[in-house]
Amino acid sequence: AMEVNVAPISKDSLEWQCSLLKIGGLTVLLNCGWNVGLDPELLNPLLPHLSELDLIVLTHADIKHLGALPYLLGKHPITCPVICTEPVCRLGELSCVAYLEDRDKYQASPEEFSVDDVVRTFMSRITT
């Protein structure tokens, strides 16, 4: 039997979704979400595993499932494929851009996380 190990990175799965799956010899990041505060500290438990990733899979097109992806891809040399359905890709890009634009009206966005990062991520890094 193939061994499957699930390690939740997000401690509060209602707030955001991010889990590491080890399936056989593969390491898969299931969702790369973020909370509405876009707090980089929340992502610290994931950082040591970034170089091990074989695949990133996105299941839903909202911040809590994919919001941290543009930020992480902009700051870290992640080379593995990122896959999702076409609707998740298109709507995910829109939801990230809309969220950043709304947030900019009220408070500063995290450094090095911009609409350009979002567009680059969804246009060139995701396979649907």
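Note that the structure is predicted; figures quoted are calculated from it, not measured.

Peer 1: An account of the packing of aromatic side chains is requested, with residue identities and associated values reported.
Peer 2: Within this structure, the stated rule accounts for one aromatic pair. A ring pair is formed by Trp 34 and Tyr 71, whose centres lie 4.8 Å apart and whose planes are at 40°; its orientation type is tilted. Of this pair, Trp 34 sits in the loop between β3 (26–30) and β4 (55–57) while Tyr 71 is found in helix α2 (residues 69–75), placing the two residues 37 residues apart along the sequence. For the residue pair Trp 34 and Tyr 71, the accessibility class agrees, reading buried in each case.

Peer 1: Got a sec to walk through the side chain of Asp 117? Specific residues and values, please.
Peer 2: The topology assignment puts Asp 117 in helix α4 (residues 115–125). On the basis of relative accessibility, which here comes to 9%, the residue Asp 117 falls in the buried class. Looking at Asp 117, its side chain comes within polar contact range of the main-chain nitrogen of Ser 114, at 3.0 Å.

Peer 1: Could you give me a rundown of the sheet that holds strand β1 (residues 4–8), with the residues and numbers involved?
Peer 2: Reading across from one edge, β1-β2-β3-β4-β5-β6 is the order of the six strands in this open sheet, with mixed pairing throughout. With one partner strand each, in any of the chains shown, β1 and β6 (126–127) form the two edges of the open sheet. Judged from the three bridges that link them, β3 and β4 form a sheet pairing that is parallel. Looking across to β4, one finds that Leu 29 is bridged to Ile 56.

Peer 1: Just give me the short version of the pairing of strand β2 (residues 19–23), but keep the residues and values in it.
Peer 2: With five bridges connecting them, β1 and β2 associate as antiparallel partners. Along β2, the bridge assignment pairs Ala 7 with Leu 20. Alignment of β2 against β3, held across five bridges, turns out to be antiparallel. Bridging across to β3, Leu 21 finds its partner in Val 28. Linking β2 to β3, which pair antiparallel, is a turn of two residues; within it Gly 24 sits at a positive phi near 60°.

Peer 1: A description of the environment of Gly 67 should follow, citing residues and the corresponding values.
Peer 2: Topologically, Gly 67 is positioned in the loop between α1 (63–66) and α2. When its relative accessible area of 1% is taken as the criterion, Gly 67 is described as buried. Remark: the alpha-carbon pair of Gly 67 and Met 123, spanning 56 residues in sequence, is separated by 15 Å.

Rules behind the numbers
Residues numbered from 1 in each chain as written. Predicted model: local features only at pLDDT ≥ 70, side-chain atom pairs only at ≥ 80, totals over all residues. Heavy atoms only, no water. Phe/Tyr/Trp six-rings, centres within 6.5 Å; stacked < 30°, edge-to-face > 60°. Helix = DSSP H or I, 4+ residues; strand = E, 2+ residues; numbered from the N terminus. Buried < 20%, exposed > 50% of the residue type's maximum accessible area, 1.4 Å probe, protein only. Polar contact = N/O pair within 3.5 Å; in protein donor to acceptor, adjacent residues only side chain to side chain. Pairing = 2+ DSSP bridges.

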